[in-house]
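Here's the letter readout for the chains.
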Amino acid sequence: MQALLDVILPVFGVIGMGYLAVRLGYFKDSAVDGLMSFTQSFAIPCLLFSAIAKLDLAQSFDPRLLFSFYTGATAGFLAGMLGARFIFGREWEDSVAIGFCCLFSNSLMLGLPITERAYGADALQANYAIVAMHSPFCYGLGITAMEIVRARGTGQSPARLVLTVGRAMFRNALILGILLGFVVNLGGIPLPAPVTGTLDLMVRAALPAALFGLGGVLVRYRPEGDLKVIGWVVAASLVLHPATVWLMGRATDLGQAGFRSAVLTAAMAPGVNGYIFANMYGRARRVAASSVLLGTGLSVITIWLWLAVIP
């Protein structure tokens, strides 16, 4: 119960403040778009750039950590996609979008603050290693799968597929922030004090603003229709993904710090990126939106349960 009060509720309290502020009309819905644009395109890319530029790559990028987490993510994607197709009879394009919701856990807006509150700021090294690969891996897998199913029967060349995937990924500000962080880190490039000071200010704003904005975004989503599919997505995200990471982490003898970060990050609700991906292709948008809303609400309890069993 103490973890629920001290770790989880403050994070969801900020989300709730954003939700109520928009719901009650004290914060305009149009302002939410601006806030989310600021966090997704500027503040969080700065956070990722700053964290990866300072990261001890040799220590943080444990192959067992990445293997465990992304095996779980891939299992969630396949369960979501194949379940949507063969259990619920959705079209392949819808199925890929539904699979993406199970793939892309909210590693940033929920994973980072909850891990920090649970285990301290020093525990975030493994989180940043996961996050560094998160957008490239998830968007790479999701876009590739979607383009393959869209191209069936059209004779699209593999070269064109690669170009399509690359173009979509390099338009993503999160990926650009990650890549620039690696350039500075690997190149040993020193950053002037005014630059680091500016980044520090942006980083401090990133997570609180993102959590408040997430609450505002959730006002737009309504849990309606497709409830069986939505339940499937939520189960894959909140149960299958972290359970698979747990098994893989134990099988590979992953250290305690990495194990905690991997399982807890995997236990996060579907991220807003699930809806962004569905909206980008105009597929399964209602399922994606409702999964983000219901998954975020239910994760208050499931994260508490995972925290109780993680050693």
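Residues numbered from 1 in each chain as written. Predicted model: local features only at pLDDT ≥ 70, side-chain atom pairs only at ≥ 80, totals over all residues. Heavy atoms only, no water.

Visitor: Can you help me understand the overall build of the protein in this one?
Guide: In terms of helices and strands, the protein carries 14 helices and 0 strands. Walking the protein from its N terminus toward its C terminus, one meets helices and strands in the order α-α-α-α-α-α-α-α-α-α-α-α-α-α. In summary, the protein has a C-alpha radius of gyration of 19 Å against a globular reference of 19 Å for 311 residues, a match within 12%. Buried positions account for 53% of the 311 residues belonging to the protein. Sequence-distant contacts in the protein: of pairs separated by 6 or more residues, those separated by 24 or more amount to 85%. Between the mean site of the 21 positive side-chain charges and the mean site of the 15 negative ones, the protein shows a separation of 7 Å. (Helix = DSSP H or I, 4+ residues; strand = E, 2+ residues; numbered from the N terminus. Rg over C-alpha atoms; globule rule 2.2 N^0.38 Å. Buried < 20%, exposed > 50% of the residue type's maximum accessible area, 1.4 Å probe, protein only. Contact = heavy atoms within 4.5 Å. Lys, Arg positive; Asp, Glu negative; His and termini not counted. Charge placed at Lys NZ, Arg CZ, Asp CG, Glu CD.)

Visitor: What exactly am I supposed to notice about the packing of helix 7 (residues 124-151) against helix 9 (residues 173-187) here?
Guide: The angle between the axes and the distance between the axes are what describe a pair of packed helices. At a minimum axis separation of 9 Å, helix 7 and helix 9 run at an interaxial angle of 135°. It follows that helix 7 is oblique to helix 9 by the angle criterion. Once helix 7 is placed against helix 9, the crossing between them reads as left-handed. Contact with helix 7, carried on its side by Val131, Ala132, Ser135 and Pro136, involves Leu174, Ile175, Ile178 and Phe182 of helix 9 and no other residues of that element. Grouping the constituent residues of the contact of helix 7 with helix 9 by class yields 7 nonpolar, 1 polar and no charged. (Axes fitted to C-alpha atoms, helices over the stretch in contact; angles between N-to-C directions. Parallel < 35°, antiparallel > 145°, perpendicular 65-115°, else oblique. Left-handed = near helix turned anticlockwise from the far one by under 90°. Nonpolar A, V, L, I, M, F, W, Y, C, P; charged D, E, K, R; others polar.)

Visitor: Can you walk me through unusual backbone geometry in this structure?
Guide: Leave glycine aside and you will find that most residues have negative phi; peptide bonds, for their part, are mostly trans. In this structure, Asp253 is a non-glycine residue whose phi angle is positive, near 60°. Residues other than glycine seldom take positive phi values, yet Ala284 does so here, at roughly 50°. Turning to its location among the elements, Ala284 is positioned in the loop between helix 13 (272-281) and helix 14 (285-309).

Visitor: Sorry if this is basic, but what is going on with the side chain of Ser107 here?
Guide: When you line up the elements, Ser107 lands in helix 6 (residues 107-119). In this structure Ser107 comes out as buried when scored by relative accessible area, which is 4%. With residues near it in sequence (within four places) discarded, Ser107 still touches Leu112, Val131, His134 and Thr265.

Visitor: Would you mind going over the side chain of Thr265 with me for this structure?
Guide: The topology assignment puts Thr265 in helix 12 (residues 256-266). When its relative accessible area of 2% is taken as the criterion, Thr265 is described as buried. If we skip the residues at most four places from it in the chain, Thr265 touches Phe69, Ser105, Ser107, Asn127 and Ile130.

Visitor: Could you clarify how one ought to interpret the state of the cysteines in this entry?
Guide: By definition, a disulfide links the sulfur atoms of two cysteines through a covalent bond. Tallied over the entire structure, the rule returns 0 disulfides. No disulfide involves Cys101; its sulfur sits 6.6 Å from the nearest other cysteine sulfur, which is in Cys102. (Disulfide = S-S within 2.5 Å.)

Visitor: How should I be thinking about a nonpolar patch on the surface in this particular structure?
Guide: On the surface, a nonpolar cluster with roughly 390 Å² of combined accessible area is contributed by Leu20, Leu24 and Tyr26. Along the chain, Leu20 turns up in helix 1 (residues 2-23). (Patch = residues over 30% accessible without salt bridge, like charges linked within 9 Å, V, L, I, M, F, W, Y side chains within 5 Å. Areas by Shrake-Rupley, 256 points an atom, 1.4 Å probe, with all protein chains shown as cover. Salt bridge = Lys/Arg side-chain N within 4 Å of Asp/Glu carboxyl O.)

Visitor: In this structure, what is going on with helix 9? I would like to understand it.
Guide: In an α-helix, one turn spans 3.6 residues; hence positions three or four apart end up facing the same way. Compared with the 21 Å implied by 1.5 Å per residue over 15 residues, the 21 Å span of helix 9 between its first and last C-alpha is a close match. Residues of helix 9 that are buried include every one of Leu174, Ile175, Gly177, Ile178, Gly181, Phe182, Val184 and Asn185, and no others. In the stretch just after helix 9, Gly188 is the one whose phi turns positive, near 60°. (Expected span 1.5 Å × (residues − 1).)

Visitor: Got a minute to help me understand the packing of aromatic side chains in this structure?
Guide: Ring pairs (aromatic) are described by centroid distance and by the angle formed between their planes. Enumeration over the complete set of coordinates arrives at 12 aromatic pairs. Seen from their ring centres, Phe27 and Phe212 are 5.3 Å apart, and the 80° between their planes marks the pair as edge-to-face. Of this pair, Phe27 sits in the loop between helix 1 and helix 2 (29-54) while Phe212 is found in helix 10 (residues 193-218), placing the two residues 185 residues apart along the sequence. Among the aromatic residues, ring-to-ring pairing joins Phe100, Phe104, Tyr139, Phe277 and Tyr281 into one connected group. In this structure, Arg250 is placed above the aromatic ring of Phe259, and the distance from its NZ or CZ to the ring centre is 4.2 Å. (Phe/Tyr/Trp six-rings, centres within 6.5 Å; stacked < 30°, edge-to-face > 60°. Lys NZ or Arg CZ within 6 Å of the ring centre and 35° of its normal.)

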